[in-house]
Each structure stands twice: as structure tokens, then as C-alpha cells.
There are 2 protein chains.
Amino acid sequence: MPRTIVRLSARDIRMPTSESKAGSDAMHVDPDYSGAYVILETDADDGRCGHGMTFTIGRGNEICVAAIDALKPLVVGLSLESIIWDMAGFWRRLTGESQLRWIGPEKGVIHLATAAIVNAIWDLWAKVEGKPVWQLVADLTPEQFVDCIDFRYLSDALTRDDALQILRDKLPTRAAREAEMRREGYPAYITSAGWMGYPDELVRKLCREARAAGWTRFKIKVGRDSDENVRRAALVREEIGPDALMMMDANQAWEVGEAIALMRPLAEFHPLWIEEPTSPDDILGHAAIRRAIHPIGVATGEHGANRVIFKQLMQAGAIDFCQFDNCRLGGLSEALAVLLLAAKFKVPVCPHAGGLGLCEYAQHVSLIDYICVSGSLDRRMTEFADHLHEHFLDPVSFRGGRYVVPTAPGFSIEMKPQSLDDYEFPQGRKWRR
Amino acid sequence: MPRTIVRLSARDIRMPTSESKAGSDAMHVDPDYSGAYVILETDADDGRCGHGMTFTIGRGNEICVAAIDALKPLVVGLSLESIIWDMAGFWRRLTGESQLRWIGPEKGVIHLATAAIVNAIWDLWAKVEGKPVWQLVADLTPEQFVDCIDFRYLSDALTRDDALQILRDKLPTRAAREAEMRREGYPAYITSAGWMGYPDELVRKLCREARAAGWTRFKIKVGRDSDENVRRAALVREEIGPDALMMMDANQAWEVGEAIALMRPLAEFHPLWIEEPTSPDDILGHAAIRRAIHPIGVATGEHGANRVIFKQLMQAGAIDFCQFDNCRLGGLSEALAVLLLAAKFKVPVCPHAGGLGLCEYAQHVSLIDYICVSGSLDRRMTEFADHLHEHFLDPVSFRGGRYVVPTAPGFSIEMKPQSLDDYEFPQGRKWRR
């Protein structure tokens, strides 16, 4: 029996995180972690719904909700089976809608909205199969995997045949890596000790607690004040010790030349990478920075608008680490394409997470990368921030600084009904008072 | 007396152009030319209002209206004088708003909305000065001109000092070029004879009519069917004669390799450029196409999201013609930056126009370019499409295939009150029936 999507509802969910400065950085001083949240209901009587969301940081979340509403006619009335049968075509119809594409194309609000819907489809599909999303994908044949991807604008860097070859090479050893992941979990690093707006003593305390919990990889925020950057880096290095990994994140605050100059005095703290040193659109700028600050790596991706940007970051040799976001890209369907691009160009993927629901998403993406695509853990780890997981039905779980593999069916993104009601903006209980 | 902005209203204006296929191309088969329209009211008793709009092609226009509403608190309550005093800072506050920037940054819906507001400020400023916008800018000193620009992310290609030098070099001869423009007008080319959806006989008729009216430069649409492209190019070349300029526009329909292959059989028709051969985000792809199809030029820009994309198109030697859109960029303030970049890299600017209101905007941009920035007409011309000008209070005007210089105060973008009422979506008279 086909299962038809009969209703798509979009809700504006916001958490008042700006009250505590959680998530603050050089460009985003007061984020309210938010989700433009999608629920897909079907005519099946098993009560299974598809859930998906796109992450924003507060104001503007209502614009993403409006964009989801604009895409609704392209989804409601379709059967899940017809979508699954042609995932690439479904994605092309959303991103290529002849009038809506003008306001992107494939970037900004309309692409964020696309992600929420596409990920809700993946969630629904996985629930119907009774598997977590990572496993649903790990159980696809290479042919089924590539059939989920729209290769438009990629063919000069990655063809369907290239993609098939990458997947076939890893196929015989998939089961061994899956067993390893179930046993060991996926490596992670922690961001939530080093927010820009936190006072020194809080940073010290959080670093100590994280070390005690088994964390060995830490990311800190840096900004435009060189002395302050050096002071904070020294403080964190003192707390985490000489052997722990330290990453730095400038959140787009710098000019190209400024990035090169400001990283020079930070080299003594041995950062693995500098993240978002400049505009996320500046492929050639990242390449210039990378050449200048070697052996410090360059990382970017959480604001990388689409696969065409990532294609060029790799063609230009601009990055050492690819940090795409599964809801900045147009959902998992496009994320799979970027995983394949990264494998072809031998760039490790360390997905962007934190925020609201992003860790829940990212763990699936990293498991797919390791089990099906790259087959490697070398220089790979998934971001983690310790906020807001209590609102999810199947929250991320950690053991010794590693993500424990999720086993519940779906994309781990479904929020508790009470949280949805309490934090709905502006009418929810938490916003009314 | 300072003049304070007391009200910002945003309206969803749509024209049912899809009924006639006007504007149709390979990717946008049924556009309804639309504007997310801004009106700024002030507390002055002279009745002057600032008008601005961003162009879209129908569905999604309501999302841009929602984004304008989200930016409203950053504008209402400010005096025009305080904005003019620091145009670059005003622009930075809109594009850098700490929560809203997440849903861009500086791209897609939120940037389109920024453009509508920024251009309405320029319109208001020019009206208060009693000048058309092009003349307001042409009367600025080089220092005042660069003070309107946010140079963030440009400094590796264009500094404030570079910009000042370019403007100072042209300063002594500004008056002569202004007089020439008032006498001769600015060169244009016509797009509205060659829409994809038009039948052959209509294309022939429109080409003949345009030639009779003095047009000598024509653009046609091309798509993925090579034989059909060749047939249409031959038909148009036959009508316009061997000496007229012909440009071609693929509207992003092709892969990089496909663009190179499909342009080969079109070379015999001597196109000046191929426009948007592939993804508008693909800087390196445009560079590869340009190398392969020389001496046919490569043009792009109407979907170029921001100045960082244009910086790279120029750094990479990816384009022969820069076709930015004054409302895809974040309004005139950012367009001035790209004019300066183009002058530094010696790339001619041929602004995107057509649509609804875009010709009205573009004529000002081209006049500023010639009078203040590039000082050259070499390989420069502004797009023109003969649709919907009747809805504007100060519509574009033509003589012998050239834009006649506008003289009314403002940005020429104010629509007739009756048109705004009739075409407001969905409640206007033209949509209700």
C-alpha cells in the first residue's frame, strides 16, 4: 500500500540561548538557537510522521517557515514510494521550481527550507524501514545510493561513474566498519567550552570538566583582537594540556590578509585548523590563506551554500577540512554528493554541528561517510556542543569523547511534543512570559 | 531639520507575465515578473517617500516581503541624515545583523530584501536632493563615494585607496561625460525579441520591429537542444543581418563540459558572449569555459550573490562581461563596490535588466559607471526588455537603441499607485478575477 503525504506543517521553534551567551562568536554575539521545523503526516494508520528541521539562530526563522510553506505544494499529495523511487528527481523539482529558484538558487532561505523538507523525507523513509538513517543508507547498494543524488553542476569534478566507483571500492568492507562503529562510536570534538561570550573562569571550568569526561579535542573562538586571541589560546592550552587537539574558529570575522597576519602569533599553540577565517563564499581567499599559514589547516563549510561551492573549494585546494552542514546544504541528498566529492579529492569531512539538532543530524552523516564513502577516520571527527539535547526523543549520546551510534529508526531529529509547544515562537509558554 | 523614517511598508506586487511567456528561458519557463516593494515614509511634511523594490519572478515574492519586514526594526526610527552620514555603516548593520545574517549571509532572500530597502534609501536621498540617483552619485566627491561602500572581504583585491585612485583619475573629465550622456544617451541591447517560449514568427516580427526602431544589439535564449539552438540562432542572424551584435543566454542550463560542447556549433553565428553558461556560483567553471571557447566571451552576474562572488570572478579571469543586478546585490551601495572592482580588473559592466523595474534601476548604474568609475563605453551596454514600463511614474525612454538619461529626482523605481493596488498579490483587482 502506498503511503501518501497528506499534510506538511511548519513550526517556528526558538530557544532563548542568547540569555546565557551559549553559541556566541565573533559575528553572532547573541544567538537564539532555533529550528524551522517540519512535520510530514501520511494517510497510513501507523502514526509514523517524518520530522525535519533547518537550524537558524533566531530572527529570520519565521522567513524559513514561510519558505517551507511555499514549497509545500511540491510535497503534499505525493506518495513516499514515488519520492523514494526518484530521490534525485524529487530534489531537482524542489530546488529547480521555475519561479522559486529565482530567490536562491540553491542558497540562503529557500535552500535552508529545502533541507528541512528533504531531511523530513529521509526521516520518514527510515522510520518506515525501521532503521536509523545512517543504516538505511549503509544498506543501499552503490546504485541506489547514487540514485539519491542530483549531479547537476558537478560533472566536471565528479560523475555518476566516479561516485559508483568510490562506493563499490568500499562495499566489501562496509560490514566491518559498521561493526567497529557500533562497538567504538565515532570520534568527536567539543566546542561548547570555548564560546566567545564566556568569562575565563567558566572556560577553565568547562575545559576541566570535558577533560574529565574523556574529551581530547577542543575548539575555541577567536576574533579580531590579536592579544585577546593569544591570551585565550594560552589559557585553553594550559587547561587541556600539550597533547590535546586544539582547533580555532574565526566565524568569518577576517579579511584574507588579516587572517594570515592574525594566525601568525597563534601558531605557537599548534592549532589543527583555523575555521571560517573569512567570507564563506571566498574560495580563492581560503586557498590564499591556506598557502600562507601551512602547516595550520584551513577549515570551512557551515555556511557553504551548496555543492557547487564545495566542488570549487576542493578544485582550488582551498581547504584541509570540509565542514558542511546537513541543513545549510539542501538536506542529506546533497550532503551525500559532497561526501563523494570530498572522498574523490581526499579531503576529510568533519561536519558542522552544535546548534539545535545539528549534532543529532551530523552523527548520521559521519557514520555514512565512514561506512560507505571515505572508509577512513584519519583527521575526521564530528563537532559536538553540549546544549539542548534534552528536547529530542532520541538525543545524541557520548562515551569517552565519541558519539555512540544511534539505533532508533529515523534521523534522530524528532523533538518532544512538549518542547515544540513550549518553545514555539511567539506563542509558546517559554516566550509568552 | 532632520527627517526621520516613521514607516516602512512592504507590498507583494506581481504581474501575470507567464500568460504570454514573456521572460521565459531555459530554467524559468513561466515567470510572473514581480517586485517585493518598499515604501519609506518620513515625518517631513513635503510628502517625499523613498521607493525601492527587489525583483523576483512570482512565487517566493511573499518570502522576500517577510524578509523586508524582518529588517524593518533596523530602519524605522532612523533619520535619513544619520543614514547618509554613514551609508557604509548602515549597510553593514543590515547585512551583519547578528541573528539574521545566519540565513544568508549576504545571499538569497535576505540579501534581496536588503536591496529593496537600500535602494529605497537611495531613492529618498535623491528625491530630497532633487536629483536623479545617477546625478546624486556623480556629484559626490571621491571620498563621499567610497564612504558609501563597505569594503569588508574586498581588501585582497580592492582597497579604499585603490577605489579613491580610480575615482580621482576620472574626476577631471566627469563633466564632459555627463554632457555627452545627456546628449547621446547610454547604449543598450534588446532581449525581448528572443524569449525561449516565443514562436518563430513572433521572434522574426519582433527582430524586424526592433531593427526598424534603431536597435543593433540583440540577445537570444539558448537551451540544451543543440539543433534547436542552431536553428534559432540562424533565424535571428538572418533577421538582424551580419553586422548587428548577437548575444546568447543559457540561463544556467548547462554543465561546464556541456557549455563548451554546445557553444562550438554556435560559433559560426559570431555571438559576442554566452551568458550564464552554468551555475552562477561556479567561478572556476566559468573560467574553464572562458578558456575553452575564446574568442566568444563569457558573461554572468544576474545571479551573482554578492561582491565576494564578483571579486573572485575577476581574480580568476572567469568573465569578459560583468552583469550584476542592482537588487541581487544588496542594493546600489554594494553595486558601487562591484563597479570599482570591475574598473580595477578592466572588466566591462553590462548590468542585468529587463524584469520589472530593472531597466529603470540599471540606467542609473550604467551612467554612474561611465561618468565616475570606468569612464569608458568600450564593450559596454545595458540590457533592455520592452515590458511593464507603463507601471512606473518615470519609465525608461529610448532613442535609437540608447537609454535617454533620466532627469526626474529619485531612482526611477516608483510605481503608479493604481498599478500597486491592481497588482498586489493576492488581493489586487488583477489577481482576484
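Note that the structure is predicted; figures quoted are calculated from it, not measured.

Here the focus is the overall build of chain A. Summing up its helical and strand segments, chain A has 17 helices and 12 strands in all. Its C-alpha atoms give chain A a radius of gyration of 21 Å, within 12% of the compact-globule value 22 Å for 433 residues. In terms of overall dimensions, chain A has a C-alpha envelope of 65 × 55 × 45 Å along the principal axes. In chain A, which comprises 433 residues, the share counted as buried stands at 61%. In chain A, the share of contacts with a sequence separation of at least 24, taken over all contacts with a separation of at least 6, comes to 74%.

Quick look at the environment of B:L158 now. Residues and elements named next belong to chain B. Structurally, the position occupied by L158 is in the loop between α6 (142-146) and α7 (160-170). Sequence separation between L158 and T173 is 15 residues; the distance between their C-alpha atoms is 23 Å. Those residues in contact with L158 that lie beyond four places of it in its chain are A163, L340, L341 and K344.

Our focus in this paragraph is the interface of chain B and chain A. Facing 52 residues of chain B, the contacting portion of chain A comprises 52 residues. Secondary structure elements with two or more residues in the side of chain B that touches chain A: α1 (61-71), α4 (108-129), α11 (256-263), α12 (283-293) and α13 (307-315) of chain B. Sorting elements by how many residues they give to the side of chain B that touches chain A places α1(B) first, with 6 residues.

On to the sheet that holds strand β1 (residues 5-14) of chain A. Residue and element names in this part refer to chain A. Across the sheet, 3 strands lie side by side as β1-β2-β3; this open sheet has antiparallel pairing. The open sheet has two free edges, formed respectively by β1 and β3 (50-56), since each of these has just one partner strand. For this sheet, the mean inter-axis angle between neighbouring strands, taken without regard to orientation, is 15°. One ladder, built from 7 bridges, connects strand β2 (residues 34-42) with β3; its direction is antiparallel. Residue pairing in the sheet places L40 in a bridge with G50 of β3. Sitting on the sheet, helix α1 (residues 61-71) is in contact with β1, β2 and β3, with an inclination near 175° to β1.

With that settled, consider the sheet that holds strand β3 (residues 50-56) of chain B. All names here are of chain B. One open sheet accounts for 3 strands, arranged β1-β2-β3; its pairing is antiparallel. Both edges of this open sheet fall to β1 (5-14) and β3, since each of them pairs with a single strand only. Across the sheet, the mean angle from the axis of one strand to that of its neighbour is 15°, orientation sign disregarded. Bridge count between β1 and strand β2 (residues 34-42): 9 bridges; the pairing is antiparallel. Looking across to β2, one finds that A10 is bridged to V38. α4 contacts β2 and β3 of the sheet and is inclined by roughly 150° relative to β3.

Moving on to the pairing of strand β7 (residues 271-275) of chain B. Residue and element names in this part refer to chain B. For β7, a buried count of 5 out of 5 residues is recorded, marking the element as mostly surrounded by other parts of the structure. Across 3 bridges, the pairing between strand β6 (residues 245-249) and β7 is parallel. Each bridged residue has a counterpart across the sheet, and for M246 the counterpart in β7 is P271. In this region the chain leaves β6, passes through α11 and returns to the parallel neighbour β7; the handedness of that crossover is right-handed. As paired strands, β7 and strand β8 (residues 297-300) are joined by 3 bridges and run parallel to one another. Of the residues in β8, the one forming a bridge with W273 is G297. In this view, the connection linking β7 to its parallel neighbour β8 by way of α12 has right-handed handedness.

The transformation that overlays chain B on chain A combines an axial shift of 0.0 Å with a rotation of 180°, and the residual RMSD is 0.0 Å. Each copy turns onto its partner about a two-fold axis. Relative to the rotation axis, the C-alpha of B:G108 is the closest in chain B, positioned 2.4 Å from it. A shared binding surface is used by both copies, with 100% of the interface residues of chain B retained as interface residues in chain A.

Turning our attention to the domain arrangement of chain A. Residue and element names in this part refer to chain A. Domains assigned within chain A are domain 1 (5-131 + 420-432) and domain 2 (167-416). Computed from C-alpha atoms alone, the centre-to-centre distance between domain 1 and domain 2 is 23 Å. Contact with domain 1, which involves 39 residues of that partner, is made by 34 residues of domain 2. Listed by contribution, the elements that provide at least two residues to the side of domain 1 that touches domain 2 are β2, β3, α3 (87-95) and α4 (108-129). Considering each element in turn, the side of domain 1 that touches domain 2 owes the most residues, 11 residues, to α4. Among the residues forming the side of domain 1 that touches domain 2, the class breakdown is 18 nonpolar, 14 polar and 7 charged.

Calculation criteria
Residues numbered from 1 in each chain as written. Chains lettered and ligands numbered in written order. Predicted model: local features only at pLDDT ≥ 70, side-chain atom pairs only at ≥ 80, totals over all residues. Helix = DSSP H or I, 4+ residues; strand = E, 2+ residues; numbered from the N terminus. Rg over C-alpha atoms; globule rule 2.2 N^0.38 Å. Buried ≥ 20, exposed ≤ 12 C-beta atoms within 10 Å, placed from the backbone. Contact = placed C-beta atoms within 7 Å. Pairing = 2+ DSSP bridges. Axes fitted to C-alpha atoms, helices over the stretch in contact; angles between N-to-C directions. Right-handed = clockwise from strand over helix to strand, strands pointing away. Least-squares fit on C-alpha atoms with pLDDT ≥ 70 in both. Domains from an automatic or database assignment. Nonpolar A, V, L, I, M, F, W, Y, C, P; charged D, E, K, R; others polar.

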